[in-house]
Amino acid sequence: MSSPLAAVPKLSKPDWLASPKVFRTEVLAGLVVALALIPEAISFSIIAGVDPAVGLFASFTMAVVIAIVGGRKAMISAATGAIALVIAPLNHEYGLGYLIAAVILGGLMQIVLGALGVAKLMRFIPRSVMVGFVNALAILIFMAQVPEMRDVPWVVYPLIIGGLAMMVFFPKLTTVVPAPLVSIVILTVITVGAGLAVPTVGDKGELPSSLPVPGLPDVPFTLDTLATIAPYAFAFALVGLMESLMTAKLVDDITDTHSNKTRESLGQGIANVVTGFFGGMGGCAMIGQTMINVKVSGARTRLSTFLAGVFLMVLCVVFGPVVSDIPMAALVAVMIMVSVATFDWHSVQPKTLKRMPLGETLVMAVTVAVVVATHNLAIGVIVGSLTAMVIFAKRVAHLAQVTGVVDPDGNQVVYAVTGELFFASSNDLVYQFDYKDDPDDVVIDLSDAHIWDASSVAALDAIETKYAQRGKKVTIIGLNKPSAEMHDKLAGQLTAGH
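Please read these numbers as outputs of a predicted model, since none were measured by experiment.

Secondary structure assignment for the protein yields 19 helices and 6 strands. Rg of the C-alpha trace for the protein: 29 Å, well past the compact-globule value of 23 Å for 498 residues, more than 25% over. Taken over the C-alpha atoms alone, the protein extends approximately 100 × 70 × 55 Å along its principal axes. When each of the 498 residues of the protein is scored for burial, the buried share is 51%.

With respect to topology, 4 strands assemble into an open sheet ordered β3-β4-β5-β6, the strand pairing being mixed. Where the open sheet ends on each side, the last strands, each with one partner, are β3 (401–406) and β6 (473–477). Direction aside, neighbouring strands of the sheet carry axes that sit 20 degrees apart on average. Where strand β5 (residues 441–451) lies against β6, 5 bridges are found, and the strand directions are parallel. Within the sheet, the bridge partner assigned to isoleucine 444 lies in β6 and is isoleucine 476.

Attention shifts here to the side chain of lysine 261. With respect to the secondary-structure elements, lysine 261 resides in helix α9 (residues 261–277). Only 2.5 Å separates the side chain of lysine 261 from the side chain of aspartate 252, close enough to count as a polar contact.

This part covers the packing of aromatic side chains. Applying the stated criterion to the full structure yields 7 aromatic pairs. Between tyrosine 94 and tyrosine 98, the aromatic rings sit 5.3 Å apart at their centres with planes inclined by 35 degrees, giving tilted as the arrangement. Exposure remark for tyrosine 94: the relative accessible area of 38% places this residue in the partly exposed category. Look at tyrosine 98 and you get buried, because its relative accessible area is 16%. The ring of tyrosine 435 carries the charged tip of lysine 466 above its face, separated from the ring centre by 5.9 Å.

Before going further, it helps to examine the pattern of salt bridges. The final tally for this structure, using the stated rule, is 3 salt bridges. Put simply, aspartate 252 and lysine 261 hold a salt bridge, and the shortest N to O gap is 2.5 Å. A relative accessible area of 9% places aspartate 252 in the buried class. One continuous salt-bridge network, built from bridges that share partners, spans Arg72, Asp252 and Lys261.

Before going further, it helps to spend a moment on a nonpolar patch on the surface. Among the surface-exposed residues, Leu121, Phe124, Ile382, Leu386 and Met389 lie close enough to one another that they form a single nonpolar patch of about 510 Å² accessible area. Structurally, phenylalanine 124 is set in the loop between α4 (96–115) and α5 (127–145).

Cut-offs applied
Chains are numbered independently. Their residues run from 1 in the order of the written sequence. For a predicted model such as this one, the threshold for reporting local features is a pLDDT of at least 70, and the threshold for listing and counting side-chain atom pairs is 80 or more; totals across whole chains, interfaces and linings nevertheless cover every residue. Neither water nor hydrogens contribute to the side-chain values; these are computed over all heavy atoms in the structure. Numbering of helices and strands starts at the N terminus; helices are DSSP runs of H or I of at least 4 residues and strands are runs of E of at least 2. The globule rule is 2.2 Å times the number of residues to the power 0.38, and the radius of gyration it is compared with is taken over C-alpha atoms. For each residue, the accessible area found with a 1.4 Å probe, counting protein chains only, is set against the maximum for its type, and the residue is called buried under 20%, exposed over 50%, and partly exposed in between. For two strands to be treated as a pair, DSSP must find no fewer than two bridges joining them. The convention used is that axes are lines fitted to C-alpha atoms, helices contributing only their stretch in contact, and that angles between N-to-C directions extend from 0 to 180 degrees. Polar contacts, as counted here, are pairs of nitrogen or oxygen atoms within 3.5 Å of one another; within protein the pair requires one atom able to donate a hydrogen and one able to accept it, and residues that are adjacent in sequence qualify only if both atoms are side-chain atoms. Stacked, tilted and edge-to-face pairs are distinguished by plane angle, under 30 degrees for stacked and over 60 for edge-to-face with tilted covering the rest, among Phe, Tyr and Trp rings (Trp via its six-membered ring) whose centres lie within 6.5 Å. We call a charge positioned above a ring when the Lys NZ or Arg CZ atom is no farther than 6 Å from the ring centre and deviates by at most 35 degrees from the ring normal. In the sections that follow, a salt bridge refers to a side-chain nitrogen of Lys or Arg positioned within 4 Å of a carboxyl oxygen of Asp or Glu. A patch consists of residues whose relative accessible area exceeds 30% and which take part in no salt bridge; residues with like charges are grouped when within 9 Å of each other, and nonpolar side chains (Val, Leu, Ile, Met, Phe, Trp, Tyr) when within 5 Å. Here the accessible surface of atoms and residues is derived via Shrake-Rupley with a 1.4 Å probe, and residues count as covered only by protein chains that are part of the display.

So far we have only geometry, and geometry alone does not tell us how the molecule works.
Here is the structure:
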């Protein structure tokens, strides 16, 4: 008789325990990300008009929770600028309590949207929009560093150049320790040891001295409150999901692995609900920090994401004074390196631009321009996708062709229609028939065409009507099954009086 234990499935070893090298990479990557997160979280808190602790708590809870429930390994989620911009007006007008309530409601909306399969919409985002998204992101990351290089002591510039040099050349010596971490440590030792008066992380705001505690938002639980926060919560949910799913797709491409986008959508919602109850400002996937984690540090598992959040709180609560002394120049150098690594340089090479269809290049340029102008990745992706759809519709509209052949005895004409019939192509369809001079028997052959919408059926109705007014009969043949079903259902029903 077999042992009862034999039926218990063996637990597989976590991927971050695959080897000591993988474990070390994940731990050090988490530390580098945590160091880079601190000034950014503080900056985003300032944008939202809240205390730095609110942004730091959000980064801690988002990273820790998404590491467990998210669908994309090694992706970093924390407080972000896009989210800060969405909820800032609510905080300025109504206060922190309403902001926290909007974060919780936004998280619940993300869970609902995730359950409804919003992640499947990612397939409709063209590659040219994706390339534009990545390039715009690289530009925004660099632009975010420019204020840190204005009106600063001259010594800041050599520090930034030195940091960049270390990140370029140190990996040629060894990859045991991430180059960004080495750069941060060495530049901090130099500035502290030499007593250099340069901007530091501490100048951004006071770091929290204790862990966050859960609680309910300080708002009246009424329908008026719900009506106030709902629009902001919905915008929060959409922007957060869009940025997170786009970032997940980017990491998929970089790592040649697939992620569960539906799980990521649900995970973002859960993480934001938890973050709200812990008094955080909410967040989503951070492309810059994710690039540090995945592309620069080489992380590939959930451990790096989890430890980024844990290290963030440890660094703030336990090592606050030390972290406060880190020069901003060190973190600026890291982010400039991330910007350069993120940009798709191949996409703007003259050789590539020459080969690429003009429409594709235009979509990429529009996406970049809108994102850079609005500082909102979500708006850029929407405008870029709409531009791509218009260009595609215009291109496909010209593919519908009509060729007429009159039989030898002149009693019948057969029109062969080829291509895709939809609202753009069917508008011109009506004008491609010779209603006046055609014989009485007209055949329209749709064997090489497909009817996609009601506009096409209405166009065919209009053609039949024009022939009928002249006492001529129209026969439509060659419909495939889906086209026949749509035509049978809608024919004669799309004009007034039916």
